[in-house]
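A structural walkthrough
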Amino acid sequence: MGPAGKAPGAGAAVPEPVGHPRGRIFEDPDASSRGRLVPDRLPDVSVVVPTYNERDTLPELVQALHRALGEGYEVVVVDDSSPDGTADLARELARSYPVRVVQRPGRHGLGSAVLEGARAASGSVVVVMDADLSHPPDAVPRLVETVRSGADVAVGSRYAPGGGIRAWPLHRRLMSRVAVVLARWWLREKVQDPVSGFFAVRRELLLDPHLHGLGYKILLEVLRRNRGRRVVEVPYVFTDRRGGRSKLRPREVWDYLRLLWRLRRTGP
Ligand SMILES: Nc1nc2c(ncn2[C@@H]2O[C@H](COP(=O)(O)OP(=O)(O)O)[C@@H](O)[C@H]2O)c(=O)[nH]1
Ligand SMILES: [Mg+2]
């Protein structure tokens, strides 16, 4: 039994930033007094959004997620101390929306940001998406429902029937296709879009200590570690980013090849 007078939300103290292995979670200190961000129960859905210089689109993304999800959700922004001040902007958004910010001291990559976000998340379902509006916020409820109705992983899929890609430069389409072909051939992956950056998953699958989060394609690792579990593809149409610039560097391409190699060696 906990000590008396400590009911959740009752006279809660101003939340302190919570220490974290690499990042720190920042909560808006005013939020508790307004009650808005201290729901009676923890959110069931956590949308993890890794960011590096995404000021242009983050506010619109957060608003659209709010329209799509209404309540019972949180957005966990994992920012690698973007020079453009994305983390400060996210903290401002946290005054009006259920946004939490994990700020890491340097750039550590997308995959590891997703894992860090999942560790900080409260929801039993975690949705992962880009900040740049390439992944449609109004498709998030479908991904969540798919997991709620029994899937372990719901993959937002550009290559399943009904999915697609709009306004993406030819070289990006080609790179994406090659990445998919490699994963399906080298790892015998059955999913049609195993390199998607848009997916929902039961949170505990992302807490697996064997995931290393190398490079951009964390979904591929999750799929590899969870062979035999229920994976459902949910088609959606990807559109090119609506602001800012792609963070994909040659290094991420190299990391992808290393990841493929590693997964083949260590996988089931
Ligand atoms: N925290 C964090 N986020 C990153 C990093 N690299 C990319 N991102 C974010 O990951 C998402 C995907 O990156 P993006 O540039 O859109 O890649 P693209 O869609 O393949 O062109 C975006 O929201 C980026 O801001 C990183 O090193 N750290
Ligand atoms: Mg993107």
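Thresholds applied
- Residues numbered from 1 in each chain as written.
- Chains lettered and ligands numbered in written order.
- Predicted model: local features only at pLDDT ≥ 70, side-chain atom pairs only at ≥ 80, totals over all residues.
- Heavy atoms only, no water.
- Helix = DSSP H or I, 4+ residues; strand = E, 2+ residues; numbered from the N terminus.
- Contact = heavy atoms within 4.5 Å.
- Areas by Shrake-Rupley, 256 points an atom, 1.4 Å probe, with all protein chains shown as cover.
- Pairing = 2+ DSSP bridges.
- Axes fitted to C-alpha atoms, helices over the stretch in contact; angles between N-to-C directions.
- Near = heavy atom within 4 Å.
- Polar contact = N/O pair within 3.5 Å; in protein donor to acceptor, adjacent residues only side chain to side chain.
- Nonpolar A, V, L, I, M, F, W, Y, C, P; charged D, E, K, R; others polar.
- Expected span 1.5 Å × (residues − 1).
- Buried < 20%, exposed > 50% of the residue type's maximum accessible area, 1.4 Å probe, protein only.
- Arc of directions from axis to C-beta.
- Core = buried A, V, L, I, M, F, W, Y, C linked by side-chain atoms within 4.5 Å.
- Phe/Tyr/Trp six-rings, centres within 6.5 Å; stacked < 30°, edge-to-face > 60°.
- Lys NZ or Arg CZ within 6 Å of the ring centre and 35° of its normal.

**Observations concerning the overall build of the protein chain**
- Each helix and strand in the protein chain was counted, giving 9 helices and 10 strands.
- Contacts in the protein chain between residues at least 24 apart in sequence constitute 80% of all its contacts with a sequence separation of at least 6.
- Accessible surface, the protein chain as shown: approximately 13100 Å² in total, 53% of it carbon and sulfur.

**Overview of the sheet that holds strand β8 (residues 199-202)**
- Pairing is mixed across the open sheet formed by 8 strands, whose spatial order is β1-β4-β3-β2-β5-β8-β6-β9. Strands at the two margins of the open sheet, each flanked by one partner only, are β1 (24-26) and β9 (231-235). Going from strand to strand, the sheet's axes swing by 20 degrees on average, the running direction of each strand aside.
- Pairing between strand β6 (residues 153-157) and β9: 5 bridges, direction parallel. Bridge assignment links V155 to a residue of β9, and that residue is E233.
- Here helix α5 (residues 140-148) sits on the sheet and contacts β2 (45-51), β5 (125-128), β6, β8 and β9; the angle it forms with β8, its principal contact strand, is near 30 degrees.
- Running at roughly 140 degrees to β6, helix α8 (residues 218-225) makes contact with β6, β8 and β9 of the sheet.

**Focus on the site of ligand 1**
- The local shell around ligand 1 holds 18 residues, among which E54, D80, D132, S246 and K247 are the closest.
- The contact in question runs from an oxygen atom of ligand 1 to an N or O atom on the backbone of Y52, over 2.9 Å.
- Taking D132, its side chain carries an N or O atom lying 2.8 Å from an oxygen atom of ligand 1.
- With the chains in place, 96% of the 580 Å² that ligand 1 exposes on its own is no longer accessible.
- Mapped onto the shell around ligand 1, the elements with two or more residues apiece are β2 and α4 (110-120).
- Across the shell around ligand 1, the residue classes tally to 7 nonpolar, 3 polar and 8 charged.

**Some remarks on helix α6 (residues 170-186)**
- Taking 1.5 Å per residue as the helical rise, α6 with its 17 residues ought to reach 24 Å, and the 24 Å between its terminal C-alpha atoms agrees with that figure.
- Listed as buried for α6 are R172, S176, A179, V180, A183 and W186. All buried residues of α6 fall inside an arc of 160 degrees around its axis, so they share one side. Every exposed residue of α6 that faces more than 90 degrees away from the buried side is listed here: L170, L174, V181 and W185.
- Buried residues along α6 sit against α8 and α9 (250-266).
- Positive backbone phi, at 50 degrees, marks R188, one or two positions downstream of α6.

**What about the nonpolar core?**
- L58 and V99 are the most contacted members of the largest nonpolar core, which totals 50 residues.
- Excluding its chain neighbours within four sequence positions, the residues that come into contact with L58 are T51, V77, T86, L89, A90, L93 and A131.
- If you look at the next biggest cluster of nonpolar residues, it comprises 25 residues, including V102, A113, V191 and L223.

**Regarding the environment of L93**
- Relative to the assigned elements, L93 resides in helix α3 (residues 86-93).
- Classification of L93 as buried rests on a relative accessible area of 10%.
- Sequence separation of L93 and P59 is 34 residues, and the distance between their C-alpha atoms is 7.1 Å.
- When sequence neighbours within four positions are dropped, the list of residues in contact with L93 reads L58, P59, V62 and V99.

**Focus on the packing of aromatic side chains**
- Evaluation of the coordinates by the stated rule reveals 4 aromatic pairs.
- A ring pair is formed by W186 and W261, whose centres lie 5.8 Å apart and whose planes are at 15 degrees; its orientation type is stacked. Residue W186 is located in helix α6, and its partner W261 is located in helix α9; the two are separated by 75 residues in the primary sequence.
- For W261, a relative accessible area of 49% gives the class partly exposed.
- A connected cluster of aromatic rings, assembled from ring pairs, spans W185, W186 and W261.
- A cation sits over an aromatic face here: R158 above F238, 5.6 Å from the ring centre.
- Over the aromatic face of W186 sits the side chain of R264, whose NZ or CZ is 4.2 Å from the ring centroid.

**Quick look at the side chain of T51**
- Mapped onto the elements, T51 comes out in strand β2.
- Residue T51 is classed as buried on the basis of its relative accessible area, which comes to 4%.
- A polar atom in the side chain of T51 sits 2.7 Å from the side chain of D79.
- The contact partners of T51, leaving out residues within four places of it in the chain, are L58, V77, V78, D79, D80, S82, T86 and A131.

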